[in-house]
Amino acid sequence: MIFINNLSKKIDNNIVLNNLNLRVKPGETKVIIGRSGVGKSVLLKHIVGIIKPDAGTIEINGENITLMTEKEINKVRMQIGLVFQGGALFDSMSVEENVAFVLNEFMSLDRKVVRQKVADSLAMVGLKDIEKMMPSQLSGGMKKRVSLARVLCMEPQIILYDEPTTGVDPITADAINNLIVELHDKLKVTSIVVTHDMSSAYKVADSIAMLYHGRVIAEGTPSEIKMTNHPVVKQFITGDAHGPITENENLVFGHVR
Ligand SMILES: Nc1ncnc2c1ncn2[C@@H]1O[C@H](COP(=O)(O)OP(=O)(O)O)[C@@H](O)[C@H]1O
Ligand SMILES: [Mg+2]
């Protein structure tokens, strides 16, 4: 379903992705872990075609998106929901306008149909009757749910979550984890969840991949990752300050002159 081959990307003078390989099977939830600045968001942006790679390919349902025109990519993009790190709601729009944004922008649907789709997607994330509220009236957790509802509105085959539990309290985080699991079980969506929250990773993942120095250095089921002997992975999942990753390690590893 998602097949990433030798993906490389330099931003400014930093090598962010270096021959990265990753494969996500249909219906699978793949969790990507790794420190801040390691390139997790950059990887997700490649998958939706917001960023073009320097080298390598990204295949989605057998189609190489790196060779596509903007118009062709837009079609693929309609099947992929990206839940942004900060939620990325428009502050000047109501919840309803936010959730319906892409529907209103790109599809000519009846207003009633749109209203129903919005209500249905909000219900899926456990929110009701908040259509008229403004983002400023919502808690952080509600904002995250609304941005997930906006993605669900499009009935995507693939959902990419960028740090869905970062910055919310543990109970809200657990509710979001449950939602990710539910969407996986009920809708059989293929998902990539980027996180540095290990309890979330263990809960939602079919498979976990760790990003380090521009590539995937370890991959396995939650129990395989828990039992790993890989020093870098072990240090990351236990949050140990003493180990091969140093505190002030240049987060982007490769500086190209
Ligand atoms: N638009 C950009 N311009 C310049 N540097 C960027 C940009 N986006 C990301 N980077 C750099 O690429 C590296 C990886 O960033 P990112 O993917 O956001 O990390 P994270 O793993 O925390 O999501 C960081 O060093 C970041 O500063
Ligand atoms: Mg990020």
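Conventions and cut-offs
Residues numbered from 1 in each chain as written. Chains lettered and ligands numbered in written order. Predicted model: local features only at pLDDT ≥ 70, side-chain atom pairs only at ≥ 80, totals over all residues. Helix = DSSP H or I, 4+ residues; strand = E, 2+ residues; numbered from the N terminus. Rg over C-alpha atoms; globule rule 2.2 N^0.38 Å. Buried ≥ 20, exposed ≤ 12 C-beta atoms within 10 Å, placed from the backbone. Domains from an automatic or database assignment. Contact = placed C-beta atoms within 7 Å. Nonpolar A, V, L, I, M, F, W, Y, C, P; charged D, E, K, R; others polar. Pairing = 2+ DSSP bridges. Axes fitted to C-alpha atoms, helices over the stretch in contact; angles between N-to-C directions.

A closer look at the overall build of the chain
What the chain contains, in helices and strands, is 10 helices and 11 strands. Its C-alpha radius of gyration of 19 Å places the chain within 12% of the 18 Å reference for a compact globule of 257 residues. By its C-alpha atoms, the chain is 55 × 45 × 30 Å across when sized along the principal axes. Buried residues in the chain amount to 38% of all 257 residues.

Regarding the domain arrangement of the chain
According to the domain assignment, the chain consists of domain 1 (1–79 + 158–257) and domain 2 (82–155). Summarising the inter-unit geometry, the C-alpha centres of domain 1 and domain 2 are found 25 Å apart. Taken together, the contact between domain 1 and domain 2 spans 15 residues of the former and 11 residues of the latter. Among the elements of the structure, helix 1 (40–47), strand 7 (158–162) and helix 7 (170–187) are those that each provide at least two residues to the side of domain 1 that touches domain 2. In terms of residue count, the dominant contributor to the side of domain 1 that touches domain 2 is strand 7 (four residues). Among the residues forming the side of domain 1 that touches domain 2, the class breakdown is 10 nonpolar, three polar and two charged.

Some thoughts on the sheet that holds strand 10 (residues 215–220)
Strand-to-strand pairing in sheets goes through backbone hydrogen bonds, with the strands running parallel or antiparallel. Within the open sheet, the six strands sit side by side as 6-7-8-3-9-10. Their pairing is mixed. Of all the strands in the sheet, the pair left with one neighbour each is strand 6 (80–83) and strand 10. Ignoring strand direction, the axes of neighbouring strands in this sheet form an average angle of 20°. Lying on the sheet, helix 7 is in contact with strand 3 (29–33), strand 7 and strand 8 (190–194); it crosses strand 8 at an angle near 160°.

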